[in-house]
Amino acid sequence: MQMERAHDIASGYTASQAARFLGVGRHEVARLVRNGTLHAQKTDSGELVVDPNSVHAHEALFPFKGRPWSPQTAWAALLALGGDDVSWLEYHKRRRLFLKLKDIGAEELVWLARNRMDARGYLVSPSFEDDVREALVATGMASSFVVGLGLAPTTPVLDGYSIGRTAEEFEHDFFLVEDTSGPCIVRYAKDLPASLEDMTEMPEPVVAADLAMSVDARERRCGLGYLEGLLDGMR
């Protein structure tokens, strides 16, 4: 269950609010928290506080049903869209994946590939910002690729994948304070392919997929548009 340290209730949704927003019951919200789809905290009084970003991201993808891809398949899908070699994926899985990529749109792709990582928001001391930035493989609005998509961050952005550190280790090493509305986003990859471990920025399809999960409408639109173009090339 994705439980985090308590913070001000004003920065998150109650379970009832999240349920009403998603049009589901409180039991379904609890299930989504348990499987990591929604991120949540508990206050000192035991009240559940649900991360608004994860609620909005889930709502945007809500029309699609079914199980997400395994992390391994999700990474293979995004890398294959960029033309990378994914022969490390078993042949029958790779064949099935390529057939699927010819038959889906960008929104369904993002839905199916969502299990590749867990994202957490943090508050960062200004004295550690450069160290955190250096420790991350940039993605989303922190990637230089976004300029080519017509996106330009007005302030420096901290958004990237932690390589070689667990959430607990990353938080300890950089004295991070977990906060769902924090300006720093750290993504903890599941089954990250070895080819990505030494990069300074994620490949363009990964950046686009991360943008497509943003609650910012323009970021999401640009990410989806780029992925749709790559999918068209697969057909």
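Everything discussed here concerns the structure shown above.
Parameters at a glance
Here the residue index of a chain counts from 1 through its sequence in written order. The predicted origin of the model limits local features to residues at a pLDDT of at least 70 and limits the giving and counting of side-chain atom pairs to 80 or more, whereas totals for whole chains, interfaces and linings rest on all residues. Only hydrogens and water are set aside; all other atoms, that is, all heavy atoms of the structure, feed into the side-chain values. Note on conventions: DSSP H or I runs of at least 4 residues are helices, E runs of at least 2 residues are strands, and numbering of each starts at the N terminus. Residue exposure (1.4 Å probe, protein chains only): buried if accessible area is under 20% of the type maximum, exposed if over 50%, otherwise partly exposed. In what follows, a contact means two residues having at least one pair of non-hydrogen atoms within 4.5 Å. Residue exposure ignores everything except the shown protein chains as possible cover, and the areas themselves are Shrake-Rupley values with a 1.4 Å probe. Neither His nor the chain ends contribute to the count of charged residues, in which Lys and Arg are positive and Asp and Glu negative. All charge positions are set by atom: Lys at NZ, Arg at CZ, Asp at CG, Glu at CD. Inter-axis angles, ranging from 0 to 180 degrees, are taken between N-to-C directions of lines fitted to C-alpha atoms, where helices are fitted over the stretch in contact. Convention used here: angles under 35 degrees read as roughly parallel, angles over 145 as roughly antiparallel, angles from 65 to 115 as roughly perpendicular, and any remaining angle as oblique. Put simply, a crossing is left-handed when the front helix is turned counterclockwise from the back one by less than a right angle, and right-handed when it is turned clockwise. When DSSP locates at least two bridges between a pair of strands, those strands are taken to pair. The pairing test for Phe, Tyr and Trp rings, Trp by its six-membered ring, is centres within 6.5 Å, and the orientation test on the planes gives stacked under 30 degrees, edge-to-face over 60, and tilted for anything in between. The rule is short: NZ of Lys or CZ of Arg within 6 Å of the ring centre and within 35 degrees of the ring normal puts a charge over the ring.

S.K.: What is the right way to read the overall build of the protein from this model?
M.R.: Looking only at helices and strands, the protein has 10 helices and 9 strands in total. If you line up the protein on its principal axes, its C-alpha atoms span 50 × 45 × 35 Å. The burial tally for the protein puts 48% of its 235 residues in the buried class. Sequence-distant contacts, at least 24 apart, represent 74% of the contacts inside the protein between residues at least 6 apart. Carbon and sulfur atoms provide 51% of the accessible area of the protein, an area that totals close to 11600 Å². The average position of the 25 basic charges and that of the 35 acidic charges among the side chains of the protein differ by 10 Å.

S.K.: Teacher, can you tell me more about the packing of helix α9 (residues 204–212) against helix α10 (residues 217–234) here?
M.R.: A pair of packed helices can be characterised by two numbers: the angle between their axes and the separation between those axes. Contact geometry for α9 and α10: axes closest at 7 Å, N-to-C directions at 140°. Relative to α10, the element α9 lies oblique. Like other packed secondary-structure pairs, α9 and α10 cross with a definite hand, here left-handed. Every residue of α10 that contacts α9 at Glu204, Pro205, Ala208, Ala209, Leu211 and Ala212 is listed here: Glu219, Arg220, Gly223, Leu224, Tyr226, Leu227 and Leu230.

S.K.: Can you help me understand the sheet that holds strand β6 (residues 136–138) in this one?
M.R.: Reading across from one edge, β6-β7-β9-β5-β8 is the order of the 5 strands in this open sheet, with mixed pairing throughout. With one partner strand each, in any of the chains shown, β6 and β8 (177–178) form the two edges of the open sheet. Inspection of the sheet shows strand β7 (residues 158–162) paired to strand β9 (residues 184–189) by 5 bridges, in the parallel sense. In the sheet register, aspartate 159 faces β9, and the bridge partner there is isoleucine 185. Sheet strands touched by helix α8 (residues 167–174): β5 (117–123), β6, β7, β8 and β9. Its angle to β5, the strand with the most contacts, is close to 20°.

S.K.: What should I look at first to understand the packing of aromatic side chains in this one?
M.R.: A ring pair, where both rings are aromatic, is described by two values, the distance of the centres and the angle of the planes. On inspection of all chains with the given rule, the structure shows 6 aromatic pairs. The structure contains a cluster of three or more aromatic residues connected by ring pairs, namely Phe170, Phe174 and Tyr188. Over the aromatic face of tryptophan 111 sits the side chain of arginine 114, whose NZ or CZ is 3.6 Å from the ring centroid.

S.K.: Explanation requested: the environment of valine 49 in the structure shown.
M.R.: For valine 49, the location among the structural elements is in strand β4 (residues 48–50). Residue classification places valine 49 among the buried positions, given a relative accessible area of 2%.

S.K.: What exactly am I supposed to notice about unusual backbone geometry here?
M.R.: A positive phi angle, close to 55°, is found at phenylalanine 175, a residue other than glycine. With relative accessibility at 58%, the residue phenylalanine 175 sits in the exposed group. Even without being a glycine, aspartate 191 presents a positive backbone phi close to 55°. Note that aspartate 191 resides in the loop between β9 and α9. Among the residues examined, aspartate 191 registers a relative accessible area of 56% and is labelled exposed.

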